[in-house]
Amino acid sequence: MQKINKEEISNIALELFSSKGYNNVTINDICDACEITKPTFYKYAGSKDELILDLYDRTIHDITTDTYRFLQADSHYEQLVIIFCSLMKDTMKFGPDLFSQMMISNLNENHHSFDMRGNLTQLAVMMINKAQQAHEINNMNDPHVLYSSLAYTFSGYEFVWCMNNGHTNYADDFFTSMNAILNVKEELRDIYKKYMEE
């Protein structure tokens with residue numbers, strides 16, 4: 001048996017969930033792949049659900065610690081687009097099956113997976129404020145309110161994407177709404193396409 005921690009178990013489980021589907025993977029499958037016993041699994045992970053409840057936290061950590069990518073942007077609005085593209089690309093990478101399970105788990109008991117994260121909220125609010133000052137967006141309402149509107153709009157499109165098993169125009173639909181909510185300058189409205197293609 002190898003020395004292991006929750007992050008390693010989670011990473012191995014995510015690979016299994018992605019290849020076989022969440023409901024087709026048992027705790028025994030995870031234990032076998034990790035070369036651990038069931039008691040070790042329960043010591044670190046607790047349940048299958050616990051392994052997927054922090055999917056956003058991983059992405060948000062990557063976004064807020066990799067400031068280099070924001071420095072490459074030509075506008076504050078583009079920086080904001082990078083945040084939502086990163087969230088969306090990770091959502092798509094993990095797939096509708098995992099995100100559906102995360103939603104179901106949170107509907108059964110609020111695990112706060114979809115709560116606003118302070119560090120990301122502060123970053124996004126600052127970008128919206130600077131984009132307003134630079135006249136990149138024309139909606140001059142409170143940046144906190146605008147960010148909340150965008151975050152909940154994002155969750156709504158994500159929910160629809162999951163319900164349709166990934167068969168929607170998730171990116172186009174969300175960014176069309178984002179452009180409308182913020183009243184974005186015409187020349188910046190399609191900037192998301194370059195980040196979604198990366």
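Each remark here, short or long, concerns the structure printed above.
What comes next is a walk through the structure. Only a predicted model underlies this, so the values are computations on that prediction, with no experimental measurement involved.

Turning our attention to unusual backbone geometry. One non-glycine residue, Glu-35, lies in positive phi territory at about 60°. Overall, the relative accessible area of 52% leaves Glu-35 in the exposed class. We note that Asn-183 has phi near 55°; this positive angle belongs to a residue other than glycine. Mapped onto the fold, Asn-183 is located in the loop between helix 9 (170-182) and helix 10 (192-197).

All right, on to the pattern of salt bridges then. Pairing between side chains becomes possible if they bear opposite charge and their charged atoms approach one another. A complete count under the given rule lists 7 salt bridges for this structure. In this structure, the salt-bridge partner of Glu-50 is Lys-6, at a minimum N-O distance of 3.7 Å. Residue Glu-50 is found in the loop between helix 3 (38-44) and helix 4 (55-65), and its partner Lys-6 is found in helix 1 (residues 6-20); the two are separated by 44 residues along the sequence. On the basis of relative accessibility, which here comes to 34%, the residue Glu-50 falls in the partly exposed class. Residue classification places Lys-6 among the partly exposed residues on the basis of a relative accessible area of 31%. Asp-190 serves as the salt-bridge partner of Lys-193, at 3.9 Å between the closest nitrogen and oxygen. For Lys-193, a relative accessible area of 37% translates into the label partly exposed.

The next point concerns the nonpolar core. Core analysis: the biggest nonpolar cluster contains 65 residues, and Phe-17, Ile-30, Tyr-77, Phe-84, Phe-175 and Met-178 have the highest contact counts within it. For this core, the elements supplying multiple residues, two or more each, are helix 1, helix 2 (27-34), helix 4, helix 6 (76-108), helix 7 (118-133), helix 8 (143-163), helix 9 and helix 10. Not counting the four nearest positions on each side in its chain, Phe-17 is found in contact with Tyr-22, Val-25, Ile-30, Lys-48, Leu-51, Ile-52, Asp-97 and Leu-98.

This part is about the environment of Gly-156. Structurally, Gly-156 is set in helix 8. Look at Gly-156 and you get partly exposed, because its relative accessible area is 32%.

Okay, the packing of aromatic side chains next. Scanning the entire structure with this criterion turns up 12 aromatic pairs. When the ring of Phe-84 is compared with that of Phe-154, the centres are 5.7 Å apart and the planes differ by 45°; the resulting orientation is tilted. In this pair, Phe-84 sits in helix 6 while Phe-154 sits in helix 8, placing the two residues 70 residues apart along the sequence. Note on Phe-154: relative accessible area 3%, which makes it buried. For the ring pair Phe-84 and Phe-174, a centre distance of 5.1 Å and an interplane angle of 45° mean the geometry is tilted. Here Phe-84, found in helix 6, pairs with Phe-174, found in helix 9; they are 90 residues apart in sequence, far enough to count as distant. Chaining the aromatic ring pairs together yields one cluster made of Phe-84, Tyr-147, Phe-154, Tyr-157, Trp-161, Tyr-170, Phe-174, Phe-175 and Tyr-192. Positioned above the aromatic ring of Tyr-22, the side-chain terminus of Lys-48 is 4.3 Å from the ring centre. Looking at Lys-93, its charged tip hangs above the ring of Phe-94, at a distance of 4.8 Å from the centre.

Conventions and cut-offs
- Residues numbered from 1 in each chain as written.
- Predicted model: local features only at pLDDT ≥ 70, side-chain atom pairs only at ≥ 80, totals over all residues.
- Heavy atoms only, no water.
- Buried < 20%, exposed > 50% of the residue type's maximum accessible area, 1.4 Å probe, protein only.
- Helix = DSSP H or I, 4+ residues; strand = E, 2+ residues; numbered from the N terminus.
- Salt bridge = Lys/Arg side-chain N within 4 Å of Asp/Glu carboxyl O.
- Core = buried A, V, L, I, M, F, W, Y, C linked by side-chain atoms within 4.5 Å.
- Contact = heavy atoms within 4.5 Å.
- Phe/Tyr/Trp six-rings, centres within 6.5 Å; stacked < 30°, edge-to-face > 60°.
- Lys NZ or Arg CZ within 6 Å of the ring centre and 35° of its normal.

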